[in-house]
Amino acid sequence: MNDRDALTVYATAFVDELAQNQVKDVVISPGSRSTPLALLLAEHPEIKIHINVDERSAAFFALGLAKAMKKPVAMLCTSGTATANYYPAIVEAFYSRIPLIVLTADRPHELRDIGAPQTINQIGLYGNHVKWFVEMALPESSMSMVRYARTVCARAVATAANEPAGPVHLNFPLREPLLPNLTEAKKYRQEKKQAAVAIEPGILTLSMNQLDAIAQEIGQAKRGLIICGDMKNDGIKEAVTELGEKLGFPILADPLSQLRSGQHSFSNVIDCYDTFLRDEQVMDAFYPDVILRFGAMPVSKPLLLWLKKHQAENFVIDGGAGFRDPSGLATRMVYSEEERFCQDIVERLPENRDQGWLQRWVRVNEATKDALRSIANEEELDEGKLFYKLNELMPEHSHLFVGNSMPIRDLDTFFFVNGKNVEIYANRGANGIDGIVSTALGVSTVKEKTVLAIGDLSLFHDMNGLLAGKLQGQNLTILVINNDGGGIFSFLSQASEKEYFEVLFGTPHGLDFSYTAQLYNATYQKVQNWDEFSEVFTASFSIPGLKIIEIPTNRESNVLKHRNLWSFVSREIASALNEEIQ
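Predicted, not measured: the structure shown is a model, and the values here were computed from it.

Participant: What exactly am I supposed to notice about the side chain of Thr 35 here?
Facilitator: Among the structural elements, Thr 35 can be located in helix H2 (residues 35–43). Beyond its immediate chain neighbours, meaning those up to four positions away, Thr 35 contacts Leu 178 and Leu 179.

This is how it looks when you write it as structure tokens:
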């Protein structure tokens, strides 16, 4: 058997094993060294390929696909710096626990470290930001090597998907010729739909004694609290709200917890804590004795500062057995699948009939929300009001991807609980502003009625990601909040350095995004008022393709409005607390 035949047998076995392990979506960036795998992936009848020219955008696009589908997605690129462009998305996937199968083509060993073109050191390229790395063997056609290719593939998929989910990296050294025999390849695919190795992961659970002890401890708490960050398990919403109701604990729900929207109970859900925990009176008046935290750490900085001020018995429940404790306040790491934990604890708890602690939170939350609703009267285009309007205008069963910096924070403040089943997405693993357009496009490939709310600098960082949307006919409504620079810095201490603030932090760019829309065949509208926004936004769901709606805002005005609103909210909170005392 010649080299071409060996390549065909070996690479076909690997590609076919992806399909056998239910990896049916692969994002490919064009290149020469990756040709064998690219052709075999395109030719496989059970695999859908997504072409994305720019490797950085391609990786974030794959990240979005995996986020939306909640299962592994593969991505393939050629050798050299193409592989380095994958890095930012791999970092995000690692910290946000998203399963990716990273396939990089490479020069064979004899062409490394001798000045061969398009060759860099790809061994362990992504360091500790992947769960597993394998330098694949050179292609051979022996039965043992075919078995090796399939086994490594099956193991890679299982490793990526098993909690905590994350990326794995397989590096393929390939010699020329790089053209497999596509006619012969069909003979080497398995007819039976069965993985080479059946890997059956279980879920982490606690013993009966452990559950009894925890239930007794938290059941005795007088001022308990549940905090929920980004959670991926669909069943956790009902389980955690049932636990909160049984305990009489408030549930502080980050937007990414998915607890602010849906058909579950909202009786214990607190959605305005980011605002009222800024208030000194509340910080002093509310102090918990036990905290149960699920998912990633929430977006809210006031919450983090409040937690540090009132240290309590702090349980972190993590089915991925990680160490999610950026606050350094955890006293108990509980390694149990979250939904199962809630169900097991609920079975062991008596009904908590003392609702006083919960009602204090509910009263302050409602007073805060009533005050925040005053933003509805704001006539000028405003970043905070945008998310208040989205709470009203997002359709049933829609999907909202939110950019980092100010958009995610304004979402936290103004996107209140609702029964519309709006699913919220964001890249909060590393919290970067790169790749957000591409990630949202990946989500929109899977989910209908997808909206991206993004800042102007974030859009600029990933404008070339729009090419995939243009070429593949993606349906995505993009709301560009354009304050001509880095709006979040206006809220930070740097803003006091007037002499250097604009050049170092404000970074005005003066970009006209109408030209961006023209370049990528997107419909475009720069709105002038809220009535126009409501009309254009609602209409965008009936228009196919990419839609860019620009909302121009003023950075300085935005800071002033936020601070005035917080001051007004503080007065309303004080009034609510005084009524409680009387």
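From this point on, the discussion continues.
Participant: Can you walk me through unusual backbone geometry in this structure?
Facilitator: Most peptide bonds take the trans form, and the phi angle of most residues other than glycine is negative. Cis geometry marks the peptide bond from Glu 163 to Pro 164; its omega dihedral reads -5 degrees. By the element assignment, Pro 164 lies in the loop between helix H6 (143–161) and strand S6 (167–173). For the peptide bond that leads from Glu 176 to Pro 177, omega is 5 degrees, which places it in the cis range. Of note, Pro 177 is situated in the loop between S6 and helix H7 (182–185). Backbone geometry places His 397, a non-glycine residue, at a positive phi of 55 degrees. Mapped onto the fold, His 397 is located in the loop between helix H15 (383–393) and strand S13 (399–402). A relative accessible area of 48% means that His 397 is categorised as partly exposed. Although it is not a glycine, Asn 431 sits at a positive phi angle of roughly 65 degrees. Here Asn 431 shows up in the loop between strand S14 (423–425) and helix H17 (436–446).

Participant: Looking at this structure, how should I read the environment of Lys 561?
Facilitator: Within the secondary structure, Lys 561 is located in helix H23 (residues 555–581). Separated by 236 residues in the primary sequence, Lys 561 and Asp 325 place their C-alpha atoms 33 Å from one another.

Participant: I tried to follow helix H1 (residues 3–20) on my own but got confused; where do I start?
Facilitator: It helps to recall that an α-helix has 3.6 residues per turn; residues three or four apart then point in one direction. The end-to-end C-alpha separation of H1 is 26 Å, in line with the 26 Å expected for 18 residues at 1.5 Å each. Judged by how many residues are buried, H1 sits mostly within the fold: 15 of 18 residues are covered. Measuring from the backbone nitrogen of Arg 4 back to the side-chain oxygen at the start of H1 gives 3.1 Å, which picks out Asn 2 as the cap. Gln 22 lies just past H1 and shows a positive phi near 65 degrees.

Participant: Could you clarify how one ought to interpret the packing of aromatic side chains in this entry?
Facilitator: Two descriptors summarise a pair of aromatic rings, namely the distance from one centre to the other and the angle between the planes of the rings. For the coordinates displayed, the defined rule picks out 14 aromatic pairs. Consider the rings of Phe 533 and Phe 537, whose centres lie 5.5 Å apart with planes at 15 degrees: the pair is stacked. Here Phe 537 and Phe 533 lie together in helix H22 (residues 530–540), a separation of 4 residues that amounts to about one turn. Neither Phe 533 nor Phe 537 differs from the other in exposure class; each is buried. Here the aromatic cluster, defined as three or more aromatic residues joined through ring pairs, consists of Phe 276, Phe 286, Trp 306, Trp 357 and Trp 361.

What counts as what
- Residues numbered from 1 in each chain as written.
- Predicted model: local features only at pLDDT ≥ 70, side-chain atom pairs only at ≥ 80, totals over all residues.
- Heavy atoms only, no water.
- Helix = DSSP H or I, 4+ residues; strand = E, 2+ residues; numbered from the N terminus.
- Contact = heavy atoms within 4.5 Å.
- Buried < 20%, exposed > 50% of the residue type's maximum accessible area, 1.4 Å probe, protein only.
- Expected span 1.5 Å × (residues − 1).
- Polar contact = N/O pair within 3.5 Å; in protein donor to acceptor, adjacent residues only side chain to side chain.
- Phe/Tyr/Trp six-rings, centres within 6.5 Å; stacked < 30°, edge-to-face > 60°.

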